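# Structural features, examined
So the chains spell out like this:
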Amino acid sequence: MTSAPIGVAVIGAGMAGRAHCAGYRMAPTLFDPPLPPVRYVSVIDANAAVAQDAATRYLYEEHGTDWRVLLEDDRVDAVSIVVANQLHREIAEALLAAGKHVLCEKPLAPSLADATAMVAAAQAHPDLVAATGFVYRRQPAVAHIRALLQAELGEVSHFNGHYWCDYARSAEVPMSWRFKGGPGTGALGDIGSHLVDLAEFVCGPLVQVSGGTFTTKVTERALPLGQTYGHAKAALSDQREPVENDDVATFTGHFASGAAGTFSISRIAPGHANSLGFEVFAEHGAARWNMDRMSEFEVIDRLRGDGDDGYRTVLVGPAHPYIRNGVPMDFPGTAFGVGDLFGYQARAFLEAVAGIQGGLPAPAGFVDGVRDLTILDAVTRSAAAGGAAVDVSTAGRPVEATARA
């Protein structure tokens, strides 16, 4: 374990980038043992005004527009990469070669080949932490349901999961990198990557996917007149370009345990701003959770068999993961949000960087990012083959790999 200060930087200051900036700010206030001192060095973004705004809001020392300056900056030890997917590989490989620890947003890369190369780059530097940002593993209710399955609920028969959003429902949302890249890089890659990781986190590894189906309802979009961030609308030009990837993706899967899985992903679902959720049915009960009501979950853990079996609602509190010392008021029924999860993720990443033992579960590694992309690639191949089954039993590494690839 090191007690030396850890200097952090964030590349990308849009919606998720700001969450990383804030997460690093929160991390030293959370849990035990104490972290080494954290130095907030720099925020980088292609838009200087956006970089400056984030640096000012979250009290980082500097801001800039060129991420390459971080390579020679001895003050910087750990860096979050929160930019368009196609930029991940170049930046991650350069940072690792420069001796920097890396936390890269999901999906790890735009293609399985790029992600595999990133793992090789990480393995060439075993002393460095190379983590993938699967932040929803840090949901307190999800982590507790996973523990209930392992300890009490028994063998899973069926996982039914969805991730429904409406950020691309309107044809007035401008063209961006999210709508480029080919089949499987749209809703499936953007938000389905989270759902797939969560399914394996809860139920163990998938061995086969089938029934892949893609739908694109908004087939072209106008280019924006200026730079856009996140899912924001903007003034539109007269120039339009075709959408290259999927608005909706569905598929089925089989887990190594013998359980079945059904998956539904959409970025054009009216009324669903950010609805990630699942139901899991097991030998001795069942559980269900939805991010629309993330501070609670429902469980059946006392099967009676007399017709009175039913779900009971549990409010998330300090008896569940991450809550005790993880929010300012750690009491059942008090609110927490997705922003808190980025604090938990940053804390876990910095603990790994510092070599702290016995703290939070380690962050997902680059190998987990490859595993996730392997499944997304298999779903894409299934869809291209009319829903044919594709084996994923030996591909990549299952969830629980460490962040040291």
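Computed from a predicted structure; not experimentally measured. Residue positions are given per chain, counted from 1 along the sequence in the order it is written. In keeping with the predicted nature of the model, local features appear solely for residues at pLDDT of at least 70, side-chain atom pairs appear and are counted solely at 80 or more, and the whole-chain, interface and lining totals rest on all residues. Only hydrogens and water are removed before side-chain values are computed, so all heavy atoms of the structure are retained for them.

## With respect to the packing of helix α6 (residues 187-203) against helix α8 (residues 366-384)
Heads up, the condition is: Axis lines are fitted to C-alpha atoms, over the contacting stretch for helices. Their N-to-C directions set the angle, which ranges from 0 to 180 degrees. Secondary structure elements are taken from DSSP: a helix is a run of H or I of four residues or more, a strand is a run of E of two residues or more, and numbering for both begins at the N terminus. When the near helix sits turned anticlockwise from the far one by under a right angle, the crossing is termed left-handed; a clockwise turn instead gives a right-handed crossing. Residue contacts follow a heavy-atom distance rule, with two residues in contact if any of their heavy atoms lie within 4.5 Å. Gly is put with the polar residues, along with every residue not named as nonpolar or charged; the nonpolar set is Ala, Val, Leu, Ile, Met, Phe, Trp, Tyr, Cys and Pro, and the charged set is Asp, Glu, Lys and Arg.
Put simply, α6 and α8 touch, their axes get as near as 9 Å, and they point 115° apart. Crossing geometry of α6 relative to α8 is assigned as right-handed. Side by side, α6 and α8 meet where Leu-188, Gly-189, Gly-192, Ser-193, Val-196, Asp-197 and Glu-200 of the first sit next to Arg-371, Asp-372, Ile-375, Leu-376, Val-379 and Thr-380 of the second. Looking at the contact of α6 with α8 residue by residue, the classes come out as five nonpolar, four polar and four charged.

## Some remarks on the packing of aromatic side chains
For any pair of aromatic rings, the description rests on two quantities: the centre-to-centre distance and the angle between the ring planes. The condition that has to hold: Between 30 and 60 degrees the pair is tilted, below 30 it is stacked and above 60 it is edge-to-face, where a pair is any two Phe, Tyr or Trp rings, Trp via its six-membered ring, whose centres lie within 6.5 Å. Burial classes follow relative accessibility: with a 1.4 Å probe on protein chains only, a residue under 20% of its type's maximum area counts as buried, one over 50% as exposed, and anything between as partly exposed.
In total, this model carries nine aromatic pairs according to the counting rule given. When the centroid spacing of 6.2 Å and the interplanar angle of 70° are considered together, the rings of Tyr-136 and Tyr-163 count as edge-to-face. Of the two residues, Tyr-136 is situated in the loop between β6 (130-133) and α5 (140-153) and Tyr-163 in strand β7 (residues 156-164); the sequence distance between them amounts to 27 residues. On the accessibility criterion, Tyr-136 (7% relative accessible area) is buried. Both rings, one in Tyr-322 and one in Tyr-344, keep their centres 5.2 Å apart while their planes meet at 10°; by these two values the pair is stacked. Taken together, the positions of Tyr-322 in the loop between β16 (312-315) and α7 (338-354) and Tyr-344 in helix α7 put the pair 22 residues apart, joining distant regions of the chain.

## Overview of the nonpolar core
Rules: Each nonpolar core is a collection of buried residues, namely Ala, Val, Leu, Ile, Met, Phe, Trp, Tyr and Cys, held together in the definition by side-chain atoms within 4.5 Å.
Judged by nonpolar contacts, the single largest core of 98 residues is most densely connected at Phe-263, Ile-265, Phe-278, Trp-289, Phe-297 and Phe-366. In terms of residue count, the dominant contributor to this core is α6 (ten residues). Beyond its immediate chain neighbours, meaning those up to four positions away, Ile-265 contacts Tyr-163, Trp-164, Ala-187, Leu-188, Ile-191, Gly-192, Leu-195, Asp-247, Val-248, Ala-249 and Phe-251. Residues Ile-6, Val-129, Ala-131 and Ile-356 belong to the second largest nonpolar core, which totals 26 residues.

## So, the sheet that holds β7
We count it as follows: A pair of strands is considered paired only if DSSP assigns at least 2 bridges between the two.
In space, the nine strands of this open sheet follow the order β16-β15-β14-β13-β7-β12-β11-β8-β17, with mixed pairing throughout. The sheet is open, and its two borders are formed by β16 and β17 (390-391), each paired with just one other strand. Here β7 pairs with strand β12 (residues 260-266) via seven bridges, running parallel. From the neighbouring strand, His-158 faces β12, where its bridge partner is Ala-260. The strands touched by α5 within the sheet are β7, β13 (275-282), β14 (285-290) and β15 (296-300), with β14 carrying the most contacts at an inclination of about 175°.

## Quick word on the sheet that holds β6
Overall, parallel pairing links the six strands, which are arranged β3-β2-β1-β4-β5-β6 in an open sheet. With partners counted over all chains shown, the strands left at the sheet margins are β3 (62-64) and β6, one partner each. Here the strands of the sheet are splayed against their neighbours by 20° on average, with no regard to which way each runs. The pairing of strand β1 (residues 6-11) with strand β4 (residues 78-81) spans four bridges and is classified as parallel. Across the sheet, Val-8 pairs through a bridge with Ala-78, a residue of β4.

## Here we look at the pairing of β4
Here is the rule: The definition of a right-handed crossover adopted here requires that, viewed with the strands pointing away, the path from the first strand over the helix to the second runs clockwise.
Alternating positions in β4 separate into two faces, Ala-78 and Ser-80 on one and Val-79 and Ile-81 on the other, with burial throughout. Where β4 meets strand β5 (residues 101-105), four bridges bridge the pair, whose relative direction is parallel. Directly across from Ser-80, in β5, lies its bridge partner Leu-103. Taken together, β4, helix α3 (residues 88-97) and β5 form a β-α-β motif whose crossover is right-handed.

## Things to note about unusual backbone geometry
Note that the residue after Asp-32, namely Pro-33, is joined by a cis bond; omega there is 0°. Of note, Pro-33 is situated in the loop between α1 (15-26) and β2 (38-44). Between Lys-106 and the following residue, Pro-107, the backbone shows a cis peptide bond with an omega angle of -20°. Looking at where Pro-107 falls in the secondary structure, it is placed in the loop between β5 and α4 (112-123).

From the geometry alone we can't say anything about function, so treat these as descriptive.
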